[in-house]
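Topology and contacts: notes
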Amino acid sequence: MESLLSDSATLQVLLEYYPNFRKLGTVFRTPHSKGVNIFRHKGIYLVKDFTGKEFGEGALNVLQVIQCYHGCDFQEALAFLAAKLGHTSSGGASAPPRWPVPRPTVPAGTEKEREQVLVNVQQWERVMQDPRSNFHRYALSLGVTEEHLNKWHVGTDTRGNTVFGHRDTAGAFVNLKHFAYQPSGSRDKSKKPFYLKNPACKKYGQCLYGIHLLREGVPMVLVEAEKTAGLASFFYPQYDFVATGGASSLSEQKLKALRGKSGYVLVDADETGRQLGAWKKLHAHGLDFTPVDLFPDRRDGYDLADALRDGLRPDIADWRFQLRPNPNGCDYRLHVNRFIGEQAECLAGYIRHHGKVLLKARTGTGKTTFALEELARSVPGRIIILEPLTVIVDAVARGKYGEIAIIKQGATYEDVQTALHSRITVCTYDSFARIAPVSDGDLIICDEIHELLSGYGMPDKRPKYEFLFGQLLAAKNVLCISATPPDFLREYGFKYVEVVAGQSNTVQLTPITYKGKIQHELARLLPTLDFGNHQYLIRLNNLRLIEQLVCGFKGLPEGQVAVLSSGSKEVAGGVYRSITDTKLIPDEVRLVFTTSLIDCGVDLYNERLRVVLAEHENEQLSVANALQFMARARRIPLLPVSVYKQERKGKAFDRDAAYRALCKFAQGECHALNALNAQYQQLSPYLSKGSYCYRESAKYSTYNSEVHLYEVNRLTIHYEVEQAAIRSTATADFFSQLEAEGHIEMRGGEQVRVARTPETDELDRTAKAIRKSAEEQALEFVDSGCANTLFTALYHATRDLGLRQRIVRLEYDVRVSAEATMLQENHQRLFDDQAALHVFRNYLKLQERHIAPEGIVPLMREHRGNRKFGDLLVRIDTLERIKLCDRLPPADRRDVERILRHKRAIEEKVTGSASINSKTGNRVTADTITDAVNSDRDTAIMLTKDKAMRLFRILFETDVVVVKENGKTVKYFGIVADNTDVPAGDGTGDNKIMQH
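What counts and what doesn't
- Residues numbered from 1 in each chain as written.
- Predicted model: local features only at pLDDT ≥ 70, side-chain atom pairs only at ≥ 80, totals over all residues.
- Heavy atoms only, no water.
- Helix = DSSP H or I, 4+ residues; strand = E, 2+ residues; numbered from the N terminus.
- Rg over C-alpha atoms; globule rule 2.2 N^0.38 Å.
- Buried < 20%, exposed > 50% of the residue type's maximum accessible area, 1.4 Å probe, protein only.
- Areas by Shrake-Rupley, 256 points an atom, 1.4 Å probe, with all protein chains shown as cover.
- Lys, Arg positive; Asp, Glu negative; His and termini not counted.
- Charge placed at Lys NZ, Arg CZ, Asp CG, Glu CD.
- Core = buried A, V, L, I, M, F, W, Y, C linked by side-chain atoms within 4.5 Å.
- Contact = heavy atoms within 4.5 Å.
- Phe/Tyr/Trp six-rings, centres within 6.5 Å; stacked < 30°, edge-to-face > 60°.
- Salt bridge = Lys/Arg side-chain N within 4 Å of Asp/Glu carboxyl O.
- Axes fitted to C-alpha atoms, helices over the stretch in contact; angles between N-to-C directions.
- Parallel < 35°, antiparallel > 145°, perpendicular 65-115°, else oblique.
- Left-handed = near helix turned anticlockwise from the far one by under 90°.
- Nonpolar A, V, L, I, M, F, W, Y, C, P; charged D, E, K, R; others polar.
- Pairing = 2+ DSSP bridges.
- Right-handed = clockwise from strand over helix to strand, strands pointing away.
- Arc of directions from axis to C-beta.
- pLDDT = per-residue confidence, 0-100.
- Polar contact = N/O pair within 3.5 Å; in protein donor to acceptor, adjacent residues only side chain to side chain.

**A short note on the overall build of the protein chain**
- Helix and strand counts for the protein chain come out as 37 helices and 32 strands.
- On C-alpha atoms alone, the protein chain measures out to a radius of gyration of 39 Å, which is more than a quarter above the 30 Å that the 2.2 N^0.38 rule sets for 996 residues.
- Burial analysis of the protein chain (996 residues in total) assigns 49% to the buried set.
- Carbon and sulfur atoms make up 49% of the accessible area of the protein chain, which amounts to about 48300 Å² in all.
- The centroid of the 131 positive side-chain charges in the protein chain is displaced by 4 Å from the centroid of its 123 negative side-chain charges.

Given below as structure tokens:
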């Protein structure tokens, strides 16, 4: 038997069972196992299955292999092997061949998992107490201390090999990995590394080397070799190093241990390393790691351990070493523990080199400190910091950053001159135009850059923001900062940098999808809140609904409920002043309602705060606004937040396609307007522009008075695309985008269908009665005939800047009089009421349009409600522009000509019979009218059915007939008269709104 087993031809017999075998000592696969090996021991070929799934534990010789696969006894196997090798059996006859029978496949999930055991403590300590290996001596020669090696569990076995002890995050002794090193520190490649041999029917585990030393929030550096991790961690204490044990050793178990971590993954300087195998696995599991190639010019497998041997200390965070496997990703990623200042030099160098940078960093990472303390040192010229809000400007000015000039609303000429000669100037977006143009050596830092789009929705800010946008593009050195930056700036040459902080406050978010009225759900929620132990901050961006809830809630005394809005900013001793001055909600205030007033720039240091975000029915809450608001609470490590979002299905939206369509349309409009501009002068009567909803030419193009040409207004296009994207986002996608943020943990989820109850009906009736009473009282005031006294009192009573500007523009005498003072004192409550202010504002809007004073109040009573009154203003403005078409500037003329083409298209569709006044022959459906209106409109400005029908009713006096066809209700529309041909009349009916 021994002669048979030692015969070299037995290897050929084994190959019949293992066709995947290639080389002795090399692991290969079988149908049942990933780790089978054939090796020679004492002259006999043996087969070892490391997984135990092929034939169990232990090594088998060729006879045992035949017994296993044939199911025969020893004598049969011996005879079979003898026949194979050309020998005869003991009986003198050759054994009959028995072909291998394939083993049945084990059903997935039924394999018996071997018990995992830990390393014996005595064995561990015996190895770790011996520091005599070649690697120990080499590490000490580099300056690494014995204490550091002990912390990393570097020991020596009885053969002098270096042993790296693997401990998991719980501190358990998982395994010992043995390496042979030469005195030079290089690995002896003639001896393969190995783990501890598994006990019978049991196994030792494996884990990432160094995983037990991780610190909270510290950026990780993932390397292949244990040697590199142990040495580099000594020279780079700002990082946590972890070794995978090899390029292909990132198992599922090891990847799970990296959840919630972020940092860098170093690649070796060879072809295999630059294939980014480890990074691809990390990326596939959603782990936030950045690939770094420290030696891009080498191809010999050089790594960080080699560089340390050569006395090199490359900066791992240097932007020149980072790889970009995703071309649409950020240009540079910087991993820090908590503050940007930890890697200030790297980031400052990147900004100096590239000039224009868009920086994404979470709130609380020290963006302002970095800009004013670290970045300022490397800027030769002035530093101009732009903030969207005055409250942020004041906060920066109170910081200990040295002498800072401030420019904000109300700044004097002397303030501006001081700013021009100051090293650092802080100003608001609105005030930037007052500062002289910047030079090439100056640096513009635009903080909270997301507000460039968020604030652009306010018409009074648009010209100022367009000027600011133009200056940002023209300047040489610009740093735009935000926690939620807009990506579109990358189109204009800005480099996108993301700072990833390991430590930050966590938001525990409860997503609530509702259907119904949010005020009813909040009214139900308020009595259940724990005001004794917590303060509550509720964001509801509708002041009318807030007032309705405050009036209906009786669970707290009046002094414990506060409302933050634009009207409360200037109240001395108010809650808003307290928040901006001390960063604290007063302790006696237990419930705070706020609009979007504190979405940006206001920090709260209250430690027992609970937050609720509620989207109302006319709002589209964006992910950026939600993230900004949740970041206001700065001192709560785990912030509970509830977000109420309306149930919306959403729709597919292609940002790039929408942007290209609008740009193409705008370019065509500019070409047409510039052709018109050569023929017509910029002469036009005074026309109000606020409510002209069919404005498109001037919407996407801007007249440049310096070159006397129309140019594409790209900021408007970016704003329109962003708003369309927000409107098309489904509720589920909204919460998915929030969950993708690293600092947000989703907790459960609710579906709420707000039901009507007697309590909610009473709440609505009460609110409606209060609102109607205030509106009626305001209408009686404006109808009383003493308008000048009324609006003088209102001018001094209100804090609404836009309303005050409108009063002055209409040339009311706002000098204080005894009558106005008495009226203000007696009716201050009415002048603070939002419903009443809405009536006063609408009265002035009609007065601006030259409606006869005696006809204004009847018109307002006839067109109650926002929708009806808005339609009235659009009707007035559109008809007025049609009447004055020949005198309009090119942009308005272009819009009116488009509307007149729509009018002709509708007439062609509707006038099929002899007379336009025939009500039966000319009726068409809303779809037909919409198609006629959109027949010559670019895709970018297609009108919806609702907007097309509004235009139809403006152009024509219409008639509607409702009929039943095939069981369905169909509406047919007919033209009665042409409204554009109605002359100015006596102030009644339709003539009333055309009277000047």
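**Observations regarding the nonpolar core**
- Residues Phe 241, Ile 316, Met 630 and Leu 738 are the most contacted members of the largest nonpolar core, which totals 102 residues.
- Sort the elements by how many residues they give to this core and helix H12 (residues 344-354) lands first, with six residues.
- Contact partners of Leu 738, with chain neighbours within four places excluded, come to Leu 509, Val 623, Ala 626, Leu 627, Met 630, Ile 744 and Met 746.
- Ranked by size, the runner-up nonpolar core spans 43 residues in total, among them Cys 446, Tyr 456, Ala 666 and Leu 715.

**What to know about the packing of aromatic side chains**
- Under the criterion given, the structure shown has 34 aromatic pairs.
- A centroid spacing of 5.3 Å and a plane angle of 75 degrees characterise the contact between Phe 734 and Phe 735, whose relative ring orientation is edge-to-face. Both residues of the pair, Phe 734 and Phe 735, belong to the buried class.
- These aromatic residues form a ring-pair network of at least three members: Phe 135, Trp 152, Phe 164, Phe 179, Tyr 181 and Tyr 209.

**What about the pattern of salt bridges?**
- Scanning all chains against the criterion turns up 53 salt bridges.
- With its nearest N and O atoms 2.7 Å apart, the salt bridge here joins Glu 615 to Lys 645. Of this pair, Glu 615 sits in the loop between strand S25 (609-614) and helix H21 (623-630) while Lys 645 is found in strand S26 (residues 638-646), placing the two residues 30 residues apart along the sequence. The exposure classification of Glu 615 matches that of Lys 645, with both residues buried.
- One connected set of salt bridges, linked through shared partners, spans Glu 669, Glu 696, Arg 894, Asp 895, Arg 898 and Arg 937.

**Quick word on the packing of helix H3 (residues 62-70) against helix H4 (residues 74-85)**
- Interaxial distance between H3 and H4 falls to 9 Å at its minimum, and their mutual angle equals 115 degrees. The angle between H3 and H4 falls in the class roughly perpendicular. Once H3 is placed against H4, the crossing between them reads as right-handed. Packed against H3, whose contacting residues are Val 62, Leu 63, Ile 66, Gln 67 and His 70, the element H4 presents Phe 74, Ala 77, Leu 78, Phe 80 and Leu 81 at the interface.
- Here the residues of the contact of H3 with H4 sort into eight nonpolar, two polar and no charged.

**What to know about the sheet that holds strand S18 (residues 443-446)**
- Spatial strand order, S13-S20-S14-S19-S18-S15-S17-S16: eight strands in an open sheet with parallel pairing. The sheet is open, and its two borders are formed by strand S13 (332-336) and strand S16 (405-407), each paired with just one other strand. Here the strands of the sheet are splayed against their neighbours by 20 degrees on average, with no regard to which way each runs.
- For strand S14 (residues 356-360) and strand S20 (residues 495-501), the ladder comprises four bridges, and the chain directions are parallel. Counterpart to Leu 359 in the pairing with S20 is Val 497.
- Along the sheet face, H12 touches S13, S14, strand S19 (478-482) and S20 and points at about 145 degrees away from the line of S14.

**Details of the pairing of strand S17 (residues 424-428)**
- With five of five residues buried, S17 is to be regarded as a mostly interior element.
- With burial as the criterion, each face of S17 is covered, one bearing Ile 424, Val 426 and Thr 428 and the other bearing Thr 425 and Cys 427.
- Bridge analysis of S16 against S17 gives three bridges, and the strand direction is parallel. Following the sheet pairing, Ile 407 is matched in S17 by Cys 427.
- Regarding the hand of the β-α-β motif, the stretch spanning S16, helix H15 (residues 413-420) and S17 is right-handed.

**What to know about helix H28 (residues 801-809)**
- Taken together, the buried positions of H28 are Leu 803, Arg 806 and Ile 807. Seen along its axis, H28 keeps its buried residues to an arc of 100 degrees; they face one direction.
- The inward-facing, buried residues of H28 contact helix H27 (787-797) and helix H31 (834-848).

**Focus on the pairing of strand S10 (residues 240-243)**
- Alternating positions in S10 separate into two faces, Asp 240 and Val 242 on one and Phe 241 and Ala 243 on the other, with burial throughout.
- As judged from the four bridges shared by strand S9 (residues 220-223) and S10, these two strands associate in the parallel manner. By the bridge assignment for S10, Met 220 is matched with Asp 240.

**Structural notes on the confidence of the model for the protein chain**
- Residues of the protein chain with pLDDT of at least 70 account for 92%, and the chain-wide mean is 85.
- Scored below 50 in pLDDT, residues 912-919 makes 14 contacts in the model with residues more than four places away or belonging to other chains.
- Within the model, the stretch residues 982-996 combines pLDDT values under 50 with 28 contacts to residues more than four positions away or in other chains.

**Focus: unusual backbone geometry**
- Positive phi outside glycine occurs at Glu 448, with the angle close to 50 degrees.
- With respect to the helices, strands and loops of the structure, Glu 448 is situated in the loop between S18 and helix H16 (451-454).
- Judged by its relative accessible area of 12%, Glu 448 is buried.
- Phi is positive for Lys 583, close to 65 degrees, though the residue is something other than glycine.
- Its place among the elements puts Lys 583 in the loop between helix H20 (575-582) and strand S24 (591-594).

**With respect to the sheet that holds strand S7 (residues 173-179)**
- Here three strands make up an open sheet; going across it, the order is S5-S6-S7 and the pairing antiparallel. With one partner strand each, in any of the chains shown, strand S5 (154-156) and S7 form the two edges of the open sheet. Going from strand to strand, the sheet's axes swing by 35 degrees on average, the running direction of each strand aside.
- Relative to strand S6 (residues 162-167), S5 runs antiparallel, the two sharing three bridges. For Gly 155, the partnering residue across the bridge sits in S6 and is Val 163.
- Sitting on the sheet, helix H5 (residues 121-128) is in contact with S5, S6 and S7, with an inclination near 40 degrees to S7.
- Packed on one face of the sheet, helix H6 (residues 134-142) meets S5 and S6 and runs near 135 degrees to S5.

**Thoughts on the side chain of Thr 244**
- Mapped onto the fold, Thr 244 is located in the loop between S10 and helix H9 (252-256).
- Excluding anything up to four places from it in sequence, Thr 244 contacts Leu 208, Leu 222, Val 223, Glu 224, Ser 249, Leu 250 and Lys 254.

**Section: the side chain of Arg 806**
- Structurally, Arg 806 can be placed in helix H28.
- Polar side-chain contacts of Arg 806 include one of 3.2 Å to the side chain of Glu 848.
- Not counting residues within four places of it along the chain, the set of residues in contact with Arg 806 comprises Arg 841, Leu 844, Lys 845 and Glu 848.

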